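# An overview of the molecular structure
In case you want the letters, here they are:
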Amino acid sequence: VVRLMTMVTMGLRGSVHAAAKQARLGVSVQALYDKIKRTEPALMRALVQGSAQRLGPVVQPMSTKPVLPGWRVRIIDGNHLPASDKRLKPLRQLSAAALPGHSLVVYDPDSGLVTDMLACEDAHAQERVVIEPMLAAAQPGEVWIADRNFCTRTIMQGWSDAGASFIVREHAKHPAVLETGPWRECGHIPSGNVHEQAV
């Protein structure tokens, strides 16, 4: 199953069915699909994490200058899986039919690898609801970069409790930020002056 799915995800075969036909399996295609549909989301996460750990030493000699020297950068974002035309027949005509799900992905720009991934079978679940296992995996020396969907007190506190830092685009409505110091100038970049404030 892993070999066939790898061929599909790498674009070497157009579908699981096409990969199975070429592989000449000793079981029916239906038996293969029955096996795949019982794959636990935790298994997919373990496959991504294990692949990143094994590939890290391979890509390290090819790495360029770090994006943020002194930090291990982690970029996190959600991705809704595309809708498929191969839906259950009764649902094909409904515009509000069930979506196929979404994933939460962590990317390491220094290595160019996806280092972690959570699959969520509920496409309507908010990204911030499924992030908890990734907060538990955060480590000191990491800086997490995320969009405004992750701008909640619980998520930012989770990174802080893990000893990690974060750069998150501020959401207009939450969290309620308490200032603990004044704004101060801390440098200049081509597009203007940079200021920071402790909150």
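The model shown is predicted, which means the values in this text are computed figures rather than measured ones. (Residues numbered from 1 in each chain as written. Predicted model: local features only at pLDDT ≥ 70, side-chain atom pairs only at ≥ 80, totals over all residues. Heavy atoms only, no water.)

### Overview of the pairing of strand 5 (residues 165-168)
Sheet topology note: the strand 4 (residues 142-146)/strand 5 ladder contains four bridges and is parallel. Along strand 5, the bridge assignment pairs Val143 with Ser165. In this region the chain leaves strand 4, passes through helix 7 (residues 153-161) and returns to the parallel neighbour strand 5; the handedness of that crossover is right-handed. (Pairing = 2+ DSSP bridges. Helix = DSSP H or I, 4+ residues; strand = E, 2+ residues; numbered from the N terminus. Right-handed = clockwise from strand over helix to strand, strands pointing away.)

### Overview of the packing of aromatic side chains
Applying the stated rule across the entire model yields two aromatic pairs. An aromatic cluster of three or more residues is present, and its members are Trp144, Trp159 and Phe166. (Phe/Tyr/Trp six-rings, centres within 6.5 Å; stacked < 30°, edge-to-face > 60°.)

### Side note on the packing of helix 2 (residues 16-23) against helix 3 (residues 29-36)
Orientation of helix 2 relative to helix 3, taken along the N-to-C sense of each, is 130 degrees, at an axis distance of 11 Å. In terms of orientation, helix 2 and helix 3 fall into the oblique class. Here helix 2 and helix 3 pass one another in a crossing that is right-handed. Only Val29, Leu32, Tyr33 and Ile36 of helix 3 make contact with helix 2, whose side of the interface consists of Val16, His17 and Ala20. (Axes fitted to C-alpha atoms, helices over the stretch in contact; angles between N-to-C directions. Parallel < 35°, antiparallel > 145°, perpendicular 65-115°, else oblique. Left-handed = near helix turned anticlockwise from the far one by under 90°. Contact = heavy atoms within 4.5 Å.)

### Looking at the nonpolar core
Within the largest apolar cluster, 21 residues are counted, with the highest numbers of intra-cluster contacts made by Ile76, Leu104, Ile131, Met134, Trp144, Phe150 and Trp159. Counting residues per element, the ones that place at least two in this core are strand 2 (102-108), strand 3 (113-120), helix 6 (132-137), strand 4 and helix 7. Take this core: its biggest share by element is three residues, from helix 7. Filtering out sequence-adjacent residues up to four positions away, Trp144 remains in contact with Arg74, Ile76, Val106, Met134, Ala138, Trp159, Ala164, Ser165, Phe166 and Ile167. Counting five residues, the second largest nonpolar core, distinct from the first, contains Leu4, Ala19, Ala20 and Leu32. (Core = buried A, V, L, I, M, F, W, Y, C linked by side-chain atoms within 4.5 Å. Buried < 20%, exposed > 50% of the residue type's maximum accessible area, 1.4 Å probe, protein only.)

### As for the pattern of salt bridges
Counted by the stated rule, this structure contains five salt bridges. The shortest N-O distance in the salt bridge between Arg45 and Asp116 comes to 2.8 Å. Taken together, the residues span a long stretch of sequence, with Arg45 in helix 4 (residues 41-59) and Asp116 in strand 3 at a distance of 71 residues. Asp116 gets classed as buried once you look at its relative accessible area, which sits at 6%. The partner of Arg74 in a salt bridge is Asp108, with the nearest N and O atoms 3.5 Å apart. With Arg74 in strand 1 (residues 72-80) and Asp108 in strand 2, this residue pair connects regions lying 34 residues apart in the sequence. (Salt bridge = Lys/Arg side-chain N within 4 Å of Asp/Glu carboxyl O.)

### Some points on the sheet that holds strand 3
Pairing between the strands of a sheet is mediated by backbone hydrogen bonds and can be parallel or antiparallel. Pairing in this open sheet of five strands is mixed, and the strands run 3-2-1-4-5 from one edge to the other. Strands with a single pairing partner mark the edges of an open sheet, and in this sheet they are strand 3 and strand 5. On average, each strand axis in the sheet is tilted by 20 degrees relative to the strand beside it, whichever way the strands run. Across seven bridges, the pairing between strand 2 and strand 3 is antiparallel. Within strand 3, the position partnered with His102 by the bridge is Cys120. Where helix 7 meets the sheet, its contacts fall on strand 1, strand 4 and strand 5, and the angle it forms with strand 5 comes to roughly 150 degrees.

### Here we look at the packing of helix 1 (residues 2-9) against helix 2
Between helix 1 and helix 2, whose axes approach to 9 Å, the crossing angle comes to 125 degrees. For the element pair helix 1 / helix 2, the angle class is oblique. The hand of the helix 1/helix 2 crossing is right-handed. Residue-level inspection shows Arg3, Leu4, Met5 and Val8 of helix 1 in contact with helix 2, the latter providing Val16, Ala19, Ala20 and Ala23. Split by residue class, the contact of helix 1 with helix 2 holds seven nonpolar, no polar and one charged. (Nonpolar A, V, L, I, M, F, W, Y, C, P; charged D, E, K, R; others polar.)

### Side note on helix 2
Of all the positions in helix 2, only Val16, Ala19 and Ala20 are classed as buried. An end-on view of helix 2 places all buried positions within 100 degrees of arc, on one side of the element. Every exposed residue of helix 2 that faces more than 90 degrees away from the buried side is listed here: Lys21 and Gln22. Contact partners of the buried residues in helix 2: helix 1 and helix 3. Backbone geometry just downstream of helix 2 places Arg24 in the positive-phi region, at approximately 50 degrees. (Arc of directions from axis to C-beta.)

These results come straight from atomic positions and should not be treated as a statement about function.
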